[in-house]
Each structure stands twice: as structure tokens, then as C-alpha cells.
Number of protein chains: 2
Amino acid sequence: MGDDRPEPDVGMLTGTFMRAVQDELFETLAEQGHPDVRPRHGSVLAFLDRDGTRATELSQRSGQHKQIIGTIVDELVQLAYVTREPDPRDRRAKLVVPTAHGLDEISRARAILAAIERRHEQAFGAEEYTSFKAALQRITRLQRQWRDHRGTQPRE
Amino acid sequence: MGDDRPEPDVGMLTGTFMRAVQDELFETLAEQGHPDVRPRHGSVLAFLDRDGTRATELSQRSGQHKQIIGTIVDELVQLAYVTREPDPRDRRAKLVVPTAHGLDEISRARAILAAIERRHEQAFGAEEYTSFKAALQRITRLQRQWRDHRGTQPRE
DNA sequence: CCGTGATAGTCAAGCTTCGTGACTAATTTG
DNA sequence: CAAATTAGTCACGAAGCTTGACTATCACGG
């Protein structure tokens, strides 16, 4: 399945970039003792506080439905990355708390992503990479509000 | 589902950007007479030549499995975006050929994406946006070859 | 104090997308 | 002309997400 043309548009381009980062992250994690974490688990692990976080809070931070967070936490409990603890302030709620294994995954994932960025920085030069990243953040913030600009651009 | 923190890493950041572009593209297409095209259809429509393209070729260009391309073409035939024509040079092969409706979708999609980029360009300034896009292409090309750099980065 | 409405988490069913392996027909190779 | 390749399809299953409904608990106003 090999050839792959230059990406036709910005959407596909960023999709390809994202997939490439994901591939490196999860294959490297697999080599470092975490072969069972998958991208979707990031919706929990990437947003987890050291002292535990509620599922609803994780849902809001990640933008995923509560239902999804529930099943992800099920899997992560199974894999011994987190535990469910009762929340002392609210008997309905449960805190999702990372285990030692979970904390290890989190710090390794951050290290791998930092290494990726460091590589890009070295290839680009520090200032050019920094401004690229700033532009990406700004453009993302801009694009997320596209509905506000609806009539702004006249059509054809 | 509301709050959404600042994206924790580059992977998620680009993912958010891609999703935002996709949302604008397909909602706008829906308003312009194409309510049934979905993102996956892009693997065919975005890579289609005006005079037709083989499924295998589409598979290589898009990076999707032949099986996937087959089902996408099934759907697009159903929706009258393309037809399957026999390939005169090879009786095994069929050419996927866009209909007038298909060509309309393709040109509208390109126009919408161009409008998005124009908006970003206006917000950023032409030169800064151009260099951003060039950096994104370069960094994507770089990241796709991450396996080559494996031992390069010593690990803590 | 109590009832009404909101909130936390879960259960269940269904849909979309993708991956994998096997198979037929036609072509290319030697 | 036999053997290996290639184009397209069929069948099955696994992930991931969406939606709606339901139980237990909390918060607020009367």
C-alpha cells in the first residue's frame, strides 16, 4: 500500500502528521513496557491529575462522551493503570486515580513526545520551530471558532 | 460537552485542528447540495482524476486498503458521485469515473478548503501563513520517517 | 423537612470505519 | 503453455463512537 502522494489539502496533511506522531508514540511506549495502551486511552491518561480526577471532569477536558470515558477507565483498571476510588465529597462520584504503573506510562509518554519535539527543533532551528508551534496553536484556536465567521467570507 | 483545556501535546493539537477543518468542510458541503458525503469518501474523491482512476491506484494514493476503497466506491456509486467503467486496457480492472455531480463536489470541496486557508492567511499575514504551511509540510515529511531516527535520540 | 430538578456514573443497542484473509478472473512472465 | 502476479470482491471481526434510558445521590426552593 505504498505510494502516497503529496497531501492534497491541509486537513489530510495534518491528519498524516497526527498519525505519524501517534505511531511513534505508541510503538515506543510498547517497547518501554506499555504494549497495551492505545490512542483512545489518552483521553483519560493525558488529562489525569496525580491525586485523581472524576470521570465527568475527564469527559469535559477530553471532549469525549461520559460513556466513552467509562469504558476507557474499565480497560485501564483491567490493565492496572488506574483504580476507581470513592470520592469523599460526593457519594455518587468516583475518582480515577493513577497507579504507579499509570504514572510510569504518563511520564514516559511525555518524554517520548518531548523527544519528538526536540528532534523537530533540531531539524528546524529553535526559533523557527517555536514559531511554528505557536502558529499551530493559534490557527487551531481560530479554526475551532469557524462558525462565527460564517457570513464573513462571501461564497464563490 | 464543553470545557476543553489547552491541548496537552502536539498530537492532540493537530488532531483538534484536523477535526475542526473537517467539520467546516463537511457542514458547508452539506449546505451546498452534498449532505451525504462523509470524510472517508475523501479517500476516493480527493484523489480522482477527471478521466477516471483505478481502485488500486486510489488505494496507493490514499494509503487505504483496497477493501476500503471498494466499499467507498460502492457508496459513491449509490450516491451518483462516480460510476464504474470497464478499463479498456485491462479486463480485470475498472475505472472509477466522476459524474457531473461528483465533479461538482470536488470543485466545491476545493473552494471551501481554499476559503479556509484564505481566512487563515488574512488572520496571519500572507508570509507568516505561507511559512507556517511550508513548515507543516516539512515537519510531516520528517515525522513520517521517524523509524530512521531510532537510535539517534539517546533515551534518558 | 421535603419534593423537584440537576448531576455522576452505568447499561444496552446500533452504526461507522477499518483490518485481515481468502477467493475469482485476467494478465504477465519465463 | 504453466506459474506467478495483479485487480477487484466477499466474508468476518474488532475498534471506536453515538444515543437514549436508567439508578443513585446531591442541591435548591418552598
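Here, the structure is the one placed above.
Residues numbered from 1 in each chain as written. Chains lettered and ligands numbered in written order. Predicted model: local features only at pLDDT ≥ 70, side-chain atom pairs only at ≥ 80, totals over all residues. Heavy atoms only, no water.

DNA strand C sits among 18 residues. The nearest are Thr56, Lys66, Gln67 and Arg92 of chain A together with Arg38 of chain B. A share of 65% is what sugar and phosphate atoms reach among the atoms of DNA strand C within 4 Å of the protein. Alanine 55 of chain A places a main-chain nitrogen or oxygen 3.5 Å from a phosphate oxygen of DNA strand C. Note that a base nitrogen of DNA strand C is positioned 3.4 Å from one of the side-chain N or O atoms of arginine 92 of chain B. Of all the secondary structure elements, the ones that give two or more residues to the surface near DNA strand C are helix 3 (55–62) and helix 4 (66–78) of chain A together with helix 4 (66–78) of chain B. (Near = heavy atom within 4 Å. Polar contact = N/O pair within 3.5 Å; in protein donor to acceptor, adjacent residues only side chain to side chain. Helix = DSSP H or I, 4+ residues; strand = E, 2+ residues; numbered from the N terminus.)

To continue, consider the interface of chain B and chain A. Contact with chain B, which involves 62 residues of that partner, is made by 63 residues of chain A. Carbon and sulfur atoms make up 64% of the area that chain B and chain A hide from each other, which totals about 6300 Å². Counting across the chain B and chain A interface gives two salt bridges. A salt bridge links arginine 147 of chain B to glutamate 27 of chain A; the shortest N-O distance between them is 2.8 Å. Breaking the side of chain B that touches chain A down by element, the ones donating at least two residues are helix 1 (10–31), helix 2 (42–45), helix 3 (55–62), helix 5 (100–124) and helix 6 (126–144) of chain B. Among the elements that make up the side of chain B that touches chain A, the one with the highest residue count is helix 1 of chain B (16 residues). Partitioning the side of chain B that touches chain A into residue classes produces 22 nonpolar, 21 polar and 19 charged. (Contact = heavy atoms within 4.5 Å. Buried area = accessible area lost by both parts, 1.4 Å probe. Salt bridge = Lys/Arg side-chain N within 4 Å of Asp/Glu carboxyl O. Nonpolar A, V, L, I, M, F, W, Y, C, P; charged D, E, K, R; others polar.)

So, about the relation of the copies chain B and chain A. Under the fitted operation, chain B is carried onto chain A by 0.0 Å of movement along the axis and a turn of 180 degrees, and the coordinates agree to an RMSD of 0.0 Å. Taken together, the rotation and translation describe the operation of a two-fold axis. Here 100% of the interface residues in chain B have copies in chain A that are interface residues too; the copies meet face to matching face. (Least-squares fit on C-alpha atoms with pLDDT ≥ 70 in both.)

Attention now goes to the protein's contact with DNA strand D. Around DNA strand D, 18 residues are found, and the nearest of them are Arg38 and Arg40 of chain A together with Thr56, Gln67 and Arg92 of chain B. Of what DNA strand D places within 4 Å of the protein, 66% of the atoms are sugar or phosphate. Separating a phosphate oxygen of DNA strand D from a backbone N or O atom of lysine 94 of chain B is a distance of 3.0 Å. Counting residues per element, the ones that place at least two in the surface near DNA strand D are helix 4 of chain A together with helix 3 and helix 4 of chain B. Split into classes, the residues belonging to the surface near DNA strand D amount to three nonpolar, five polar and 10 charged.

All names here are of chain A. Enumeration according to the criterion identifies 22 salt bridges over all chains in this entry. Linking arginine 40 and glutamate 75 is a salt bridge whose minimum nitrogen-to-oxygen distance equals 2.9 Å. Of this pair, arginine 40 sits in the loop between helix 1 (10–31) and helix 2 (42–45) while glutamate 75 sits in helix 4; the two residues are 35 residues apart in sequence, bridging distant segments of the chain. A residue is classified by how much of its surface remains accessible, and arginine 40, at 30% relative accessible area, is partly exposed. (Buried < 20%, exposed > 50% of the residue type's maximum accessible area, 1.4 Å probe, protein only.)

A few words on the pairing of strand 3 (residues 94–98) of chain A. All names here are of chain A. Of all the five residues making up strand 3, four are buried; the element is thus mostly covered by neighbouring parts of the structure. Sheet topology places strand 1 (residues 53–54) next to strand 3; two bridges connect them, and they run antiparallel. Residue pairing across strands places threonine 53 opposite valine 96, the latter belonging to strand 3. Pairing of strand 2 (residues 82–86) with strand 3 involves five bridges; the strand directions are antiparallel. The partner of glutamate 85 across the bridge, within strand 3, is leucine 95. (Pairing = 2+ DSSP bridges.)

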